[in-house]
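Chain by chain, the residues run as shown.
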Amino acid sequence: MALLALLALALLLTGAAYAAVAPEPATAETTPASEIDAGRQLFVVGCASCHGLNAQGITTQGEDGEKGNYGPSLIGVGAAAVGFQMETGRMPMAQTAPQAIRKPNEYTQEEIDQIAAYVASLAPGPARPSDEDINWQDVDEEGIAEGGEFFRTNCTACHNSVGAGGALPSGRFAPTLKGVDAIHIYEAMLTGPQQMPVFSDEVLTPEDKRNIIAYVKTVQQQGNAGGLGGGGLGPVADGMFVWIVGIGGLTAFAVWIGMHGTRSKKR
């Protein structure tokens, strides 16, 4: 009995000593339950008809038996996806189409934050970027140059070398980046909306994303020293302009000269 009592005392003293010197466990900020509940109520009214009552998505089946999604699952998409889709007005969609179109949003910022909190509570997913992540104004020239390399490597095939956008198959298109807020460019890279690939932090670090935003914003703020830029759509558009307007205008002028020139008769 004495040995058992001594062992229990030793264990008690060891636990007390550890509790005294051990660091406090890290605690993460949690969204208030009231915000999540308010977001769920808004979700049920405005989003559940396409995405399901529990954001699990709604599956459809065509006449050929092929399955599709009337509205995809939102479990695990995170607050970043909600912020991008709703703040740009792409969601809720005005009508079914190959691609959601940017338009004025229909919700207040508070309502969007509440819906984002609810969706984020369903499963872990990408969070919205911090102010530091999108502070592209502090990026130096080296960072802008590096962002340009990343952009030309990963983005120009769809968005054009200056972010003017471009056409894609099946009635889709890569939208222009002109006038798009930095936070939405960041969230688009982070979540990969629609046909865009996902550039997670393992693929492009937050610093890489910020450098890309700095490059896009810098290019858009630059003037066009050569005059008419043609929207920066590239050599195909410029070539069509030269042929249709340039050579077409010269041809029309030559025809006009031939019809109104001095005529002489041979005697």
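Quick summary incoming for the structure in this document. (Residues numbered from 1 in each chain as written. Predicted model: local features only at pLDDT ≥ 70, side-chain atom pairs only at ≥ 80, totals over all residues. Heavy atoms only, no water.)

Concerning a nonpolar patch on the surface
Next up, step 1: There is a patch of nonpolar side chains on the surface, built from Met240, Phe241, Val242, Trp243, Ile244, Val245 and Ile247 and spanning about 730 Å² of accessible area.
Next up, step 2: Note on placement: Val242 falls in helix α10 (residues 235-260).
Next up, step 3: Judged by its relative accessible area of 47%, Val242 is partly exposed. (Patch = residues over 30% accessible without salt bridge, like charges linked within 9 Å, V, L, I, M, F, W, Y side chains within 5 Å. Areas by Shrake-Rupley, 256 points an atom, 1.4 Å probe, with all protein chains shown as cover. Salt bridge = Lys/Arg side-chain N within 4 Å of Asp/Glu carboxyl O. Helix = DSSP H or I, 4+ residues; strand = E, 2+ residues; numbered from the N terminus. Buried < 20%, exposed > 50% of the residue type's maximum accessible area, 1.4 Å probe, protein only.)

Looking at unusual backbone geometry
Next up, step 1: In this chain, Met91 is followed by Pro92 through a cis amide linkage whose omega measures 0°.
Next up, step 2: Position of Pro92 among the secondary structure elements: in the loop between α4 (78-87) and α5 (109-122).
Next up, step 3: Backbone geometry places Ala55, a non-glycine residue, at a positive phi of 65°.
Next up, step 4: Inspection of the secondary structure puts Ala55 in the loop between α3 (48-51) and β1 (58-61).

What to know about the nonpolar core
Next up, step 1: Of all hydrophobic cores here, the largest spans 21 residues; its most connected members are Phe151, Met189, Ile212, Ile213 and Val216.
Next up, step 2: Within the residue set of this core, elements represented by two or more residues are α8 (182-191) and α9 (206-221).
Next up, step 3: Sort the elements by how many residues they give to this core and α9 lands first, with six residues.
Next up, step 4: Grouped together as the second largest cluster of nonpolar side chains are 14 residues, Ala48, Ala55, Val82 and Ile115 included. (Core = buried A, V, L, I, M, F, W, Y, C linked by side-chain atoms within 4.5 Å.)

So, the pattern of salt bridges
Next up, step 1: In this structure the tally under the stated criterion is three salt bridges.
Next up, step 2: Taking the shortest distance from any N to any O, the salt bridge between Arg128 and Glu187 comes out at 2.6 Å. Remark: Glu187 occurs in helix α8 and Arg128 occurs in the loop between α5 and α6 (141-154); sequence separation between them is 59 residues.
Next up, step 3: The partner of Asp201 in a salt bridge is Lys209, and the shortest N-O contact between them spans 3.0 Å.
Next up, step 4: Accessibility expressed as a relative area gives 0% for Lys209, which makes it buried.

Comments concerning the packing of α8 against α9
To characterise two packed helices, one gives the angle between the axes of the helices and the distance between these axes.
Next up, step 1: Contact pair α8 / α9: the axes reach a minimum separation of 10 Å and the direction vectors enclose 130°. One way to sum up the angle between α8 and α9 is to call them oblique. Crossing hand, α8 versus α9: right-handed. Each of Ala182, Ile185, Tyr186, Met189 and Leu190 in α8 lies in contact with α9, whose residues at this interface are Pro206, Lys209, Ile212, Ile213 and Lys217.
Next up, step 2: When the residues that make up the contact of α8 with α9 are grouped by side-chain class, the tally is eight nonpolar, no polar and two charged. (Axes fitted to C-alpha atoms, helices over the stretch in contact; angles between N-to-C directions. Parallel < 35°, antiparallel > 145°, perpendicular 65-115°, else oblique. Left-handed = near helix turned anticlockwise from the far one by under 90°. Contact = heavy atoms within 4.5 Å. Nonpolar A, V, L, I, M, F, W, Y, C, P; charged D, E, K, R; others polar.)

Digging into the environment of Gln195
Next up, step 1: As for its position among the elements, Gln195 is in the loop between α8 and α9.
Next up, step 2: Remark: the alpha-carbon pair of Gln195 and Phe173, spanning 22 residues in sequence, is separated by 9.1 Å.
Next up, step 3: Of the polar contacts made by the side chain of Gln195, one reaches the side chain of Gln99; its length is 3.1 Å.
Next up, step 4: Reaching out from Gln195, the side chain makes a polar contact with the backbone oxygen of Phe173 at a distance of 3.2 Å. (Polar contact = N/O pair within 3.5 Å; in protein donor to acceptor, adjacent residues only side chain to side chain.)

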